[in-house]
Amino acid sequence: MSQNIILQVDEVWKTFGGLVALGGVSLKLHQNEILGLIGPNGAGKTTLFNVIAGAFRPDRGTVIFKHENITGLKPNRRCHLGISRTFQIPKPFLDMSVLDNVVVGAYFGSARRIGIEAARDAAVEILNFVGLDKQKDYPAKNLTIGERKKLELCRALAAKPDVLLLDEVVGGLHSSEVKEIMEVIKRINQSGVAILMIEHVMKAVMGVSQRIVVLQYGKKLAEGTPDEIVQNEEVIAAYLGGKRDAAS
Ligand SMILES: Nc1ncnc2c1ncn2[C@@H]1O[C@H](COP(=O)(O)OP(=O)(O)OP(=O)(O)O)[C@@H](O)[C@H]1O
């Protein structure tokens with residue numbers, strides 16, 4: 001494993017009954033990189049996230065994080081080691097304040113036991129960083145969809161990850177909100193966090209990723225820079241043909 005690879009997935013297989021969700025997928029995420037993960041519905045993207053985050057144990061294959069084989073570790077151990085994720089559909093504690101939602105993430109997500117005051121300070125800092133500080137005292141149920149996506153980011157950041165897995169953080173948002181969240185993602189990355197992001201909004205994922213991996217039917221169809229991917233005939237046929245915003 002080369003020095004600057006922080007996360008490596010090797011030949012991962014995951015089946016559900018007779019369905020092969022992942023059929024030998026490998027990828028590498030470099031330190032400080034943003035790697036986009038795209039592909040049609042059902043391609044296996046979220047299953048791969050579940051394997052990396054520890055929600056699913058693969059049938060075969062390994063997940064290496066910071067040179068350690070973490071394939072058998074539970075999700076909370078992986079979180080403490082430095083892998084954090086967001087979910088496609090945010091599920092905050094609806095009756096709790098925005099601030100308290102992030103405090104919970106900071107208190108339980110940190111590798112090192114921290115006190116409640118330190119967790120609160122960390123949460124305030126993250127809310128400022130992401131731009132959700134004005135809403136910090138609202139109950140989470142009062143947030144707009146865009147604000148819930150930002151809260152989901154804050155909750156993931158509260159664990160102080162080295163690798164952040166983002167599952168469709170801009171899906172369903174207006175273009176101004178998409179732009180705002182992509183700027184936040186760039187700043188998170190510039191602060192030293194490597195990012196693997198699943199995204200169907202092509203303008204967003206192509207705009208921030210250094211490299212893109214394309215999955216189809218649980219296999220890697222292509223890998224390359226955004227420019228290479230938008231010109232790849234197989235990718236256009238399998239996926240980008242229906243995405244009119246792909247190249248713009
Ligand atoms: N827990 C599960 N039990 C059974 N089948 C599953 C399970 N999770 C995923 N699958 C199946 O595995 C395949 C890959 O699903 P997955 O959610 O990983 O795709 P995806 O690329 O994330 O799709 P989308 O873009 O729609 O989110 C699909 O056929 C899906 O129905």
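None of the values given here were measured: they were computed from a predicted structure. (Residues numbered from 1 in each chain as written. Predicted model: local features only at pLDDT ≥ 70, side-chain atom pairs only at ≥ 80, totals over all residues. Heavy atoms only, no water.)

Quick look at the site of the ligand
In the region of the ligand, 14 residues are neighbours, and Gly42, Lys45, Thr46, Thr47 and His200 sit closest. The backbone of alanine 43 places a nitrogen or oxygen atom 3.0 Å from an oxygen atom of the ligand. Of all the elements in the fold, those that place two or more residues in the shell around the ligand are strand E2 (19-30) and helix H1 (45-53). For the shell around the ligand, the element with the most residues is H1, which contributes three residues. Across the shell around the ligand, the residue classes break down as six nonpolar, seven polar and one charged. (Near = heavy atom within 4 Å. Polar contact = N/O pair within 3.5 Å; in protein donor to acceptor, adjacent residues only side chain to side chain. Helix = DSSP H or I, 4+ residues; strand = E, 2+ residues; numbered from the N terminus. Nonpolar A, V, L, I, M, F, W, Y, C, P; charged D, E, K, R; others polar.)

Observations concerning the pattern of salt bridges
Counted according to the given criterion, the structure contains 10 salt bridges. For aspartate 162, the salt bridge identified is with lysine 66, shortest N-O distance 2.5 Å. Of this pair, aspartate 162 sits in the loop between helix H5 (145-157) and strand E7 (163-167) while lysine 66 sits in the loop between strand E4 (60-65) and strand E5 (68-69); the two residues are 96 residues apart in sequence, bridging distant segments of the chain. When its relative accessible area of 27% is taken as the criterion, aspartate 162 is described as partly exposed. Arginine 211 is the salt-bridge partner of glutamate 223, the closest N and O atoms lying 2.7 Å from each other. Placement of the pair is glutamate 223 in strand E10 (residues 219-224) and arginine 211 in strand E9 (residues 211-216), with a sequence separation of 12 residues. (Salt bridge = Lys/Arg side-chain N within 4 Å of Asp/Glu carboxyl O. Buried < 20%, exposed > 50% of the residue type's maximum accessible area, 1.4 Å probe, protein only.)

With respect to the domain arrangement of the chain
According to the domain assignment, the chain contains domain 1 (1-82 + 161-248) and domain 2 (89-160). One C-alpha centre belongs to domain 1, the other to domain 2; they are set 24 Å apart. For the interface between domain 1 and domain 2, the tally reads one salt bridge. A salt bridge links glutamate 180 to lysine 150, with the nearest nitrogen and oxygen atoms 2.5 Å apart. Scanning the region where domain 1 abuts domain 2 turns up four residue pairs in polar contact (both at pLDDT 80 or more). Going through the elements one at a time, helix H2 (75-81), E7 and helix H6 (175-190) are the ones with two or more residues in the side of domain 1 that touches domain 2. By residue number, the principal contributor to the side of domain 1 that touches domain 2 is H6, which donates six residues. For the side of domain 1 that touches domain 2, the residue count by class is nine nonpolar, two polar and five charged. (Domains from an automatic or database assignment.)

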